[in-house]
Structures are given as C-alpha cells and as structure tokens.
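Residue-level structure breakdown
The residues making up each chain are set out below.
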Amino acid sequence: MVVGGDDFQARLKRQVCLPAWEHHRYGDLTFDAFTSLAYEIMGDPSVLVAVLDWLFSWEAESSTLLGMKLGEADKTLALKDMIVASLERAGEGANSGLLGGYLLSVRGIDPGRWLSSLQDLANRPATAGFVIQLITISGLNDEASDI
C-alpha cells in the first residue's frame, strides 16, 4: 500500500508537492514520474481538470517540472487554453510555474508559437501581470524582451 493512495491525484501531488531541489537531492534527478503523469494527462485530460486549480497554488512547488513534460507531450497545444484559463481564475499572486514550464517546452519545439503565446498573454488583462514570470521561466531572448 502506498501512503496517500496510488490514484492519479495522489501520485501527482506526491511529485509536485516536493520542491525541485528534493528531486535532485541525491544526484539522481529524473523526470520519469513527470513524463508518466504528462502522458496520462494527454490520454485523459479530465484528470488535469480536477487538479488544475491546485497546480496554480504555491503548494505545487514543482509544477514547473510537470509543465515542461506536459508541454513536450502536448504537440498540438490542445491543453494550452485550459491551462491559461485556470491561471486567469487563480488570479494575482498565483504560482505560474505550470504554464511557465509548459511554455519552456513550447519554445524548444516551436519558438514562433512560444512568442505568440507570450504576446497573447501580455494582451490579456488577467494574465499580463504574469508575463515577466513566464519569460523568466521559459526563456528570454530579444523578441521576448520587446513584449
């Protein structure tokens, strides 16, 4: 028996509640658990809906790592609007790590889509305040500095 359960939410919270440095504590940083969770989400996005609000809380310390793996798995950006809407609902002071990590992977796959996503977020009143954080997480370049 696994303490806390072995369903999706329990496994996700076990991984995401740990700060990133804890995943690296013994020199064996692995993203396997985050990759597995990301592909599980892609297979059934309803499991993400159930935890999205929590993922923008500060309790979700490693949400950036999950966001990175989710961005890699979501080649068509099918989940982007859902993630952005959740950040908008979370409001000022939310932990934007999930979206930042997601955008970091988008940048690696398609820099043009990454930049247009940042521009779109900068133009939305509910997300404009997060753009500097999102650029800090997902990467700064000359084009992003003009946003």
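Up top is the structure these notes are about.
This text gives an overview of the structure that appears in the document. (Residues numbered from 1 in each chain as written. Predicted model: local features only at pLDDT ≥ 70, side-chain atom pairs only at ≥ 80, totals over all residues. Heavy atoms only, no water.)

1. Thoughts on the overall build of the chain
Regarding its fold elements, the chain presents 11 helices and 0 strands. Scanning the chain from its N terminus toward the C terminus, one meets helices and strands in the order α-α-α-α-α-α-α-α-α-α-α. Radius of gyration (C-alpha) of the chain: 15 Å, near the 15 Å computed for a compact globule of 147 residues. Considering only C-alpha atoms, the chain reaches an extent of 50 × 30 × 30 Å along its principal axes. Looking at the chain residue by residue over its 147 residues, the buried ones come to 42%. Within the chain, contacts between residues at least 6 apart in sequence are counted, and of these 75% link residues at least 24 apart. As presented, the chain carries roughly 7,600 Å² of accessible surface, and 55% of it is formed by carbon and sulfur atoms. Mean positive and mean negative side-chain charge positions of the chain (11 and 20 charges, respectively) differ by 2 Å. (Helix = DSSP H or I, 4+ residues; strand = E, 2+ residues; numbered from the N terminus. Rg over C-alpha atoms; globule rule 2.2 N^0.38 Å. Buried < 20%, exposed > 50% of the residue type's maximum accessible area, 1.4 Å probe, protein only. Contact = heavy atoms within 4.5 Å. Areas by Shrake-Rupley, 256 points an atom, 1.4 Å probe, with all protein chains shown as cover. Lys, Arg positive; Asp, Glu negative; His and termini not counted. Charge placed at Lys NZ, Arg CZ, Asp CG, Glu CD.)

2. Comments concerning the packing of aromatic side chains
Two measures describe an aromatic ring pair: the distance that separates the ring centres and the angle between the ring planes. On inspection of all chains with the given rule, the structure shows 0 aromatic pairs. Between the NZ or CZ atom of Lys-13 and the centre of the ring of Trp-54, over which it lies, the distance is 5.0 Å. (Phe/Tyr/Trp six-rings, centres within 6.5 Å; stacked < 30°, edge-to-face > 60°. Lys NZ or Arg CZ within 6 Å of the ring centre and 35° of its normal.)

3. Looking at the packing of helix α8 (residues 97–109) against helix α9 (residues 111–123)
Between α8 and α9, the least distance of the axes is 6 Å, while the angle of their chain directions is 145°. Together, Leu-99, Leu-103, Val-106, Arg-107 and Ile-109 of α8 and Pro-111, Arg-113, Trp-114, Ser-117, Leu-118 and Leu-121 of α9 make up the contact between the two elements. Tallied by class, residues from the contact of α8 with α9 come to 8 nonpolar, 1 polar and 2 charged. (Axes fitted to C-alpha atoms, helices over the stretch in contact; angles between N-to-C directions. Nonpolar A, V, L, I, M, F, W, Y, C, P; charged D, E, K, R; others polar.)

4. A look at α8
One turn of the α-helix equals 3.6 residues, which is why residues spaced by three or four share an orientation. Here α8 is 13 residues long and its end C-alpha atoms lie 18 Å apart, about the 18 Å a rise of 1.5 Å per residue gives. For α8, the set of buried residues is Gly-97, Leu-98, Leu-99, Gly-100, Gly-101, Tyr-102, Leu-103, Ser-105 and Val-106. Those residues of α8 hidden inside the fold are in contact with α5 (52–55), α6 (63–73), α7 (80–90), α9 and α10 (131–138). (Expected span 1.5 Å × (residues − 1).)

5. A closer look at the packing of α6 against α8
For any two helices packed against each other, one specifies the crossing angle of their axes together with the interaxial distance. Following both chains from N to C, one finds α6 and α8 inclined at 35°, their axes separated by 6 Å at the closest point. In this structure, α6 meets α8 at a crossing whose hand is right-handed. Contacts from Ser-63, Thr-64, Leu-66, Gly-67, Met-68, Leu-70, Gly-71 and Glu-72 of α6 reach α8 at Gly-97, Leu-98, Gly-101, Tyr-102, Leu-104, Ser-105 and Ile-109. Its residues assigned to classes, the contact of α6 with α8 shows 7 nonpolar, 7 polar and 1 charged. (Left-handed = near helix turned anticlockwise from the far one by under 90°.)

6. Let's talk about α9
Taking 1.5 Å per residue, 13 residues should reach 18 Å; α9 reaches 19 Å between its end C-alpha atoms and fits that length. Those residues of α9 that fall on the buried side of the exposure criterion are Trp-114, Leu-115, Ser-117, Leu-118 and Leu-121. Angularly, the buried residues of α9 cover 160° about the axis, an arc narrow enough to put them on a single face. Lining the buried residues of α9 we find α7, α8, α10 and α11 (142–145). (Arc of directions from axis to C-beta.)

7. Concerning the pattern of salt bridges
Enumeration over the complete set of coordinates arrives at 5 salt bridges. With a shortest N-O distance of 3.2 Å, Lys-69 and Glu-72 are connected by a salt bridge. In this pair, Lys-69 and Glu-72 are both assigned in helix α6, 3 residues apart and thus about one turn of the helix distant. Owing to a relative accessible area of 13%, Lys-69 belongs among the buried residues under this scheme. A salt bridge links Arg-124 to Asp-120; the shortest N-O distance between them is 3.1 Å. (Salt bridge = Lys/Arg side-chain N within 4 Å of Asp/Glu carboxyl O.)

8. Quick look at unusual backbone geometry
If a residue is not glycine, its phi is most likely negative; likewise, a peptide bond is most likely trans. You will see that Leu-77, though not glycine, has its phi angle at about 60°, which is positive. Mapping Leu-77 onto the fold places it in the loop between α6 and α7.

9. Side note on the side chain of Lys-69
Among the polar contacts listed, one links the side chain of Lys-69 to the side chain of Glu-72, at a separation of 3.2 Å. Contact partners of Lys-69, with chain neighbours within four places excluded, come to Phe-31, Phe-34, Thr-35 and Ala-38. (Polar contact = N/O pair within 3.5 Å; in protein donor to acceptor, adjacent residues only side chain to side chain.)

10. Comments concerning the nonpolar core
The biggest cluster of nonpolar side chains holds 40 residues, and the ones touching the most others in it are Leu-12, Leu-48, Leu-55, Leu-66, Ile-83 and Leu-99. Among all residues touching Leu-99, those that are not within four sequence positions of it are Phe-56, Ile-83, Val-84, Leu-87, Leu-121 and Leu-134. (Core = buried A, V, L, I, M, F, W, Y, C linked by side-chain atoms within 4.5 Å.)

Honestly, it's all geometry; don't read function into it.
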